[in-house]
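In case you want the letters, here they are:
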Amino acid sequence: MDKYIPYVRKSSLSKSQDEATFETQLAEIEKYAAVWNYELVMHPLTGKPFTETGSGTTMDREEFLEAIAYMQDSPDIKGIIVYDISRYCRDVEGGLRVLREAFLSNGKALVSTQQLIKTDTPAGKLMFQMFLMFSEYEVGVINQRTSAGKQMTKERGGYMGGKVPYGYQLVKRTVPGSSVERQMLEPEPKTYKDVVMIRELHDNEGWTFFKIMTLLNKERQAEIDAGKKPRHGVWTYNLARRAYARKLPDEMIG
């Protein structure tokens, strides 16, 4: 019975883009091993498959490198088995290099259950390269679409996550030009006037952000002296600069 190390990886993409869960991958690997009469060799310390979450665009992954080292140090282990070529990697250059250096040069094989590939034959190596190229192409398309979607959301005033910028508030509304509802950034009436003032002083009066910061802190102290709760904490140069930089499309602040 040939022995293989199961390696499962979940990408850093969202679940909707990468639905191959750890459980799904392991279940398919176990089915494949049963059909081909393989013995699955687990991690020597945890007794579980080599598992990690991370991008397949790099070969420098901790659990992956540990699995490689364990395979190379174990003469009776024939290779590593993965659910899909994309779980091995999404980098043609790096993937081929590791295949040559860690697998082929040591008489080891990489097995992929979804593509029915085993790299210890000429046909297997050819198919491996073809699917690896497609895998790299696929992640490039995903990244391109994600980048375009983020840019479109940003241009429409959409909330990109993180701390809500000073002077704005989150409001659920329909994205202009579509029927999709999402959290959008809109001016917050009480504090947005500070943002407007910062832009006017900087653009029209030529004030530096340091001078603007000083003025805002004087106004803040005046509010405290008057027994009022200040609209903002202590202003710094970077806070004034960031408040100036965040702008929404005209249709969102009209």
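Look up a bit, the structure's there.
Note that the coordinates shown come from a computational prediction; the quantities given were computed from them, not determined experimentally. (Residues numbered from 1 in each chain as written. Predicted model: local features only at pLDDT ≥ 70, side-chain atom pairs only at ≥ 80, totals over all residues. Heavy atoms only, no water.)

## Focus on the packing of helix H7 (residues 209-225) against helix H8 (residues 237-245)
So, point 1. Direction vectors running N to C along H7 and H8 enclose 100 degrees, while the axes themselves pass 8 Å from each other. Relative to H8, H7 is oriented roughly perpendicular. Contacts between H7 and H8 involve Phe209, Phe210 and Met213 from the former and Tyr237, Ala240, Arg241 and Tyr244 from the latter.
So, point 2. Among the residues forming the contact of H7 with H8, the class breakdown is six nonpolar, no polar and one charged. (Axes fitted to C-alpha atoms, helices over the stretch in contact; angles between N-to-C directions. Helix = DSSP H or I, 4+ residues; strand = E, 2+ residues; numbered from the N terminus. Parallel < 35°, antiparallel > 145°, perpendicular 65-115°, else oblique. Contact = heavy atoms within 4.5 Å. Nonpolar A, V, L, I, M, F, W, Y, C, P; charged D, E, K, R; others polar.)

## Digging into the nonpolar core
So, point 1. Counting 25 residues, the largest nonpolar core has Ile80, Tyr88, Phe103 and Phe128 as its most contacted members.
So, point 2. Only strand E1 (3-10), helix H2 (62-72), strand E4 (77-82), helix H3 (85-88), helix H4 (92-103) and helix H5 (122-155) provide two or more residues apiece to this core.
So, point 3. For this core, the element with the highest residue contribution is H4, accounting for six residues.
So, point 4. Dropping the residues within four chain positions of it, Phe103 is found in contact with Ile68, Met71, Ile80, Tyr88, Val98, Lys108, Ala109 and Leu110.
So, point 5. Residues Leu185, Val195, Ile212 and Leu216 belong to the second largest nonpolar core, which totals 16 residues. (Core = buried A, V, L, I, M, F, W, Y, C linked by side-chain atoms within 4.5 Å. Buried < 20%, exposed > 50% of the residue type's maximum accessible area, 1.4 Å probe, protein only.)

Without other data, these values stay purely geometric and don't point to any function.
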